[in-house]
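Chain residues, written in single-letter form:
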Amino acid sequence: DPDGWELTSFSSPQESSISFTVNGQPHVVSSKDLPISTSLAEYLRYHAGMTGTKIGCGEGGCGACTVAIHEGNTTTVANSCLRPVWAMDGLS
């Protein structure tokens, strides 16, 4: 190529996984199993079978999906319908 560019083949990103704890139980999620758009609420309800997690408005306004998230010695609350499951790596 006269511009110095070389055409290379495109390969898909490598498979990755995350791990986190829910109610004391370890969970491992692989990129081959869930799309990047999966929310924590969707994961808890539809993949972990925790149907007590509710998805009300889906916009974080009603608070039905509120969960406690522990990181070290810090506990915060979050709307699980807005939080991507992929943001949970290493948390409980």
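For the structure given in this document, a descriptive report is provided here. Please read these numbers as outputs of a predicted model, since none were measured by experiment.

## Describing the side chain of H27
On the secondary structure map, H27 appears in strand β2 (residues 25–30). Within the structure, H27 has its side chain in polar contact with the side chain of Y43 (distance 2.7 Å). Apart from the residues within four sequence positions on either side, H27 is in contact with I18, S19, F20, V22, Y43, A48 and M50.

## Here's the deal with helix α1 (residues 40–47)
Here α1 has its buried residues at L40, A41, Y43 and L44. Down the axis of α1, the buried set is contained in an arc of 165°. They therefore lie on one face. Looking at the buried positions of α1, the neighbouring elements they touch are β1 (17–22), β2 and β3 (66–71).

## Structural notes on the pairing of β3
Here β3 pairs with strand β4 (residues 74–79) via six bridges, running antiparallel. Note on β4: the bridge partner recorded for H70 is T75.

What counts and how
Residues numbered from 1 in each chain as written. Predicted model: local features only at pLDDT ≥ 70, side-chain atom pairs only at ≥ 80, totals over all residues. Heavy atoms only, no water. Helix = DSSP H or I, 4+ residues; strand = E, 2+ residues; numbered from the N terminus. Polar contact = N/O pair within 3.5 Å; in protein donor to acceptor, adjacent residues only side chain to side chain. Contact = heavy atoms within 4.5 Å. Buried < 20%, exposed > 50% of the residue type's maximum accessible area, 1.4 Å probe, protein only. Arc of directions from axis to C-beta. Pairing = 2+ DSSP bridges.

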